[in-house]
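Structural description and commentary
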Amino acid sequence: MRESVIEIRGLRNQFGHHVVHDQLDLTLPRGEILGVVGGSGAGKSVLLRSIVGLQKPASGHIEVLGIDVQKASSRERLALERRTGVLFQSGALFSSMTVVENVAMPLIEHEHLRKSDALELARMKLALVGLPGHAGDLQPAELSGGMVKRAALARSLALEPELLFLDEPTAGLDPIGAAAFDELIVTLRDALGLTVFLVTHDLDTLYQACDRIAVIGEKKILIHDTLSQVASFDHPWVHDYFHGPRGRQAAAVGQQRRSL
Ligand SMILES: Nc1ncnc2c1ncn2[C@@H]1O[C@H](COP(=O)(O)OP(=O)(O)OP(=O)(O)O)[C@@H](O)[C@H]1O
């Protein structure tokens, strides 16, 4: 058994009377890429926010890298922040800084590096995510959507995290850009030994990048297994999702790539 990096037991989240999660359990072993899917409003982002400590659950237990998120001291929280990277959907780069300054910021703030050293390291991170050298000197507004995602990913990798959270990383990318991003995630996981928690609607990402899939529905994890097991799970939402026209297309492309 591999060590679990995320361990969730009996999680309940609610907003007023609206219960989003109830008795939700989930385990993520080290080194895996987990794809989290579910209908719109099923609670994928709330789950991610609970795990990274941005959403206080009504009850339940969340342990990340061996630390109880709710009971963590401020020192433990800071340590967790350093060991995890988060890429939110918007990318959220600061528009007043160049791309390389954005990536250098966590190194200056958390590691207290000299600006020149931080900028040098930041350029290496930009190369790691496949951005050309000149991209670092541009303002975020001058980048394409795919380049913004890569720059934001470089920033979330700046502190060399063990665990990476990605919230719909391919949303808004064209199919070629999205496929390249899926490939990048797998390459980075292999090269850096990352564990990845990935919220997505993108079926191609499930086929190309994920080791296991967790489906959220009815306030809990309906199924958490390999893609083939999940795709054959007998549940109306799961069936429509995986066997609708887009699901069939993603499966065909996945099969084609595997046979290459
Ligand atoms: N801060 C909040 N206050 C009140 N309700 C909220 C809040 N955040 C989320 N919710 C509600 O919680 C439910 C789950 O939201 P969440 O954003 O996690 O869904 P999701 O599965 O990520 O959806 P999507 O795929 O559309 O992004 C929704 O009904 C949403 O309206």
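Residues numbered from 1 in each chain as written. Predicted model: local features only at pLDDT ≥ 70, side-chain atom pairs only at ≥ 80, totals over all residues. Heavy atoms only, no water.

Attention now goes to the pairing of strand E3 (residues 33–38). Burial analysis of E3 places 6 of its 6 residues in the buried class, the great majority of the element. Neither face of E3 is left uncovered, since the one carrying Ile33, Gly35 and Val37 and the one carrying Leu34, Val36 and Gly38 both have all their residues buried. In terms of strand pairing, E3 meets strand E8 (residues 195–199) through 4 bridges, oriented parallel. Counted as the bridge partner of Gly35 is Leu198 from E8. Bridge count between E3 and strand E9 (residues 212–217): 5 bridges; the pairing is parallel. Across the sheet, residue Gly35 finds its bridge partner in E9, namely Ile213. (Buried < 20%, exposed > 50% of the residue type's maximum accessible area, 1.4 Å probe, protein only. Helix = DSSP H or I, 4+ residues; strand = E, 2+ residues; numbered from the N terminus. Pairing = 2+ DSSP bridges.)

Orientation of helix H3 (residues 99–109) relative to helix H5 (residues 145–156), taken along the N-to-C sense of each, is 25°, at an axis distance of 8 Å. In terms of orientation, H3 and H5 fall into the roughly parallel class. Relative to H5, the crossing made by H3 is right-handed. Residues Val99, Asn102, Val103 and Pro106 of H3 lie in contact with H5, whose contacting residues are Ala151, Ala154 and Arg155. When grouped by side-chain class, the residues that make up the contact of H3 with H5 number 5 nonpolar, 1 polar and 1 charged. (Axes fitted to C-alpha atoms, helices over the stretch in contact; angles between N-to-C directions. Parallel < 35°, antiparallel > 145°, perpendicular 65-115°, else oblique. Left-handed = near helix turned anticlockwise from the far one by under 90°. Contact = heavy atoms within 4.5 Å. Nonpolar A, V, L, I, M, F, W, Y, C, P; charged D, E, K, R; others polar.)

Here the focus is the side chain of Glu32. With respect to the helices and strands, Glu32 occurs in the loop between strand E2 (18–29) and E3. Judged by relative accessible area, which is 3%, Glu32 ranks as buried. Here Arg212 takes part through its side chain, which lies 2.9 Å from a polar atom of the side chain of Glu32. Beyond its immediate stretch of four places on either side in the chain, Glu32 contacts Arg2, Arg189, Thr195, Val196, Asp211 and Arg212. (Polar contact = N/O pair within 3.5 Å; in protein donor to acceptor, adjacent residues only side chain to side chain.)

The next point concerns the sheet that holds strand E4 (residues 59–64). Across the sheet, which stays open at both edges, the 4 strands sit in the order E2-E1-E4-E5 with antiparallel pairing between neighbours. The open sheet terminates on both sides in strands that have one partner only, identified here as E2 and strand E5 (67–68). Looking at chain direction, strand E1 (residues 4–15) and E2 are connected through 8 bridges and run antiparallel. Looking at E2, one finds that Ile8 is bridged to Leu26. Each of E1, E2 and E4 is contacted by helix H1 (residues 44–51), which is oriented at about 120° to E1, the strand it contacts most.

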